[in-house]
Amino acid sequence: LVRRSSDGRLKLAPGLITLAAAVTPRLYEVSEPVLQTLSDELGATTALTVLDGDEAVVARVIVPRAHDVHLTYRQGMRHSLTKGAPGHALLAARPAQAGDPEFVTRARRRGYAISHGELLRGATGIGVAVRGPDHEPAAAISAVWIEGIDQAHAADQVLDAADEIT
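Rules used throughout
- Residues numbered from 1 in each chain as written.
- Predicted model: local features only at pLDDT ≥ 70, side-chain atom pairs only at ≥ 80, totals over all residues.
- Heavy atoms only, no water.
- Salt bridge = Lys/Arg side-chain N within 4 Å of Asp/Glu carboxyl O.
- Helix = DSSP H or I, 4+ residues; strand = E, 2+ residues; numbered from the N terminus.
- Buried < 20%, exposed > 50% of the residue type's maximum accessible area, 1.4 Å probe, protein only.
- Polar contact = N/O pair within 3.5 Å; in protein donor to acceptor, adjacent residues only side chain to side chain.
- Phe/Tyr/Trp six-rings, centres within 6.5 Å; stacked < 30°, edge-to-face > 60°.
- Lys NZ or Arg CZ within 6 Å of the ring centre and 35° of its normal.
- Pairing = 2+ DSSP bridges.
- Axes fitted to C-alpha atoms, helices over the stretch in contact; angles between N-to-C directions.
- Contact = heavy atoms within 4.5 Å.

1. With respect to the pattern of salt bridges
No. 1: If you walk through the whole model with that rule in mind, you get eight salt bridges.
No. 2: Among the salt bridges present, the one from glutamate 29 reaches arginine 26, with a minimum N-O distance of 2.7 Å. Here glutamate 29 and its partner arginine 26 are both found in helix H2 (residues 25–42), three residues apart, which amounts to about one turn of the helix.
No. 3: For arginine 26, a relative accessible area of 54% translates into the label exposed.
No. 4: Three or more residues are tied together by salt bridges with common partners; here these are Asp52, Glu55 and Arg78.

2. Section: the environment of glutamate 29
No. 1: Relative accessible area serves as the criterion here: at 53%, glutamate 29 is assigned to the exposed category.
No. 2: Separated by 27 residues in the primary sequence, glutamate 29 and valine 2 place their C-alpha atoms 27 Å from one another.
No. 3: Within the structure, glutamate 29 has its side chain in polar contact with the side chain of arginine 26 (distance 2.7 Å).

3. Overview of helix H3 (residues 85–92)
No. 1: Across the eight residues that make up H3, a large majority, eight, are buried.
No. 2: Of all the positions in H3, only Ala85, Pro86, Gly87, His88, Ala89, Leu90, Leu91 and Ala92 are classed as buried.

4. A short note on the packing of aromatic side chains
No. 1: As enumerated under the stated definition, the model contains zero aromatic pairs in all.
No. 2: Taking NZ or CZ as reference, arginine 60 lies 4.3 Å from the ring centre of tyrosine 28, over its face.
No. 3: Lying over the aromatic face of tyrosine 112, arginine 110 brings its terminal NZ or CZ to 5.2 Å of the ring centre.

5. Remarks on the sheet that holds strand E5 (residues 78–80)
No. 1: If you walk across this open sheet you meet the six strands as E5-E4-E3-E8-E7-E6, and the pairing is antiparallel. The open sheet terminates on both sides in strands that have one partner only, identified here as E5 and strand E6 (113–116). Sheet twist, expressed as the mean angle between neighbouring strand axes with direction ignored, is 30°.
No. 2: One ladder, built from three bridges, connects strand E4 (residues 55–62) with E5; its direction is antiparallel. From the neighbouring strand, alanine 56 faces E5, where its bridge partner is histidine 79.
No. 3: Sitting on the sheet, H2 touches strand E3 (45–52), E4, strand E7 (124–131) and strand E8 (137–145), and the angle it makes with E3 is about 145°.

Written as structure tokens, this is what we have:
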């Protein structure tokens, strides 16, 4: 998993590839075709974001196949759970706590989170938590676009996709 280089520094080793492949492989396998369909139907970029402590980590990014121009972002990108629709959705999937921010309360009530310009100026995102076999929030899926997509329609589509993945 880790090796020491000739200068004494520790470096990640190829064993991590095998280990990473074993982490929630079924979630990745099940989510990819659902996210691709969602991306194609909405004409938006979709993503699977996993929970890592107090951060959200983008695990998969799927772009619409029929559009020449689209929004994309780096797989592996980390951001606070307090930024962006996927993070908000993961926070909202947790039990309510005193002092929850209003965006978490709204997302919990609606069943999905909406963010505007939090990770990319001009971008709108809809995020919905996906629960694991233990019924805990394991990940979130999202759709992200710049303009031209009806939020209510996108929310319904993302909710349906999250149900299918769950």
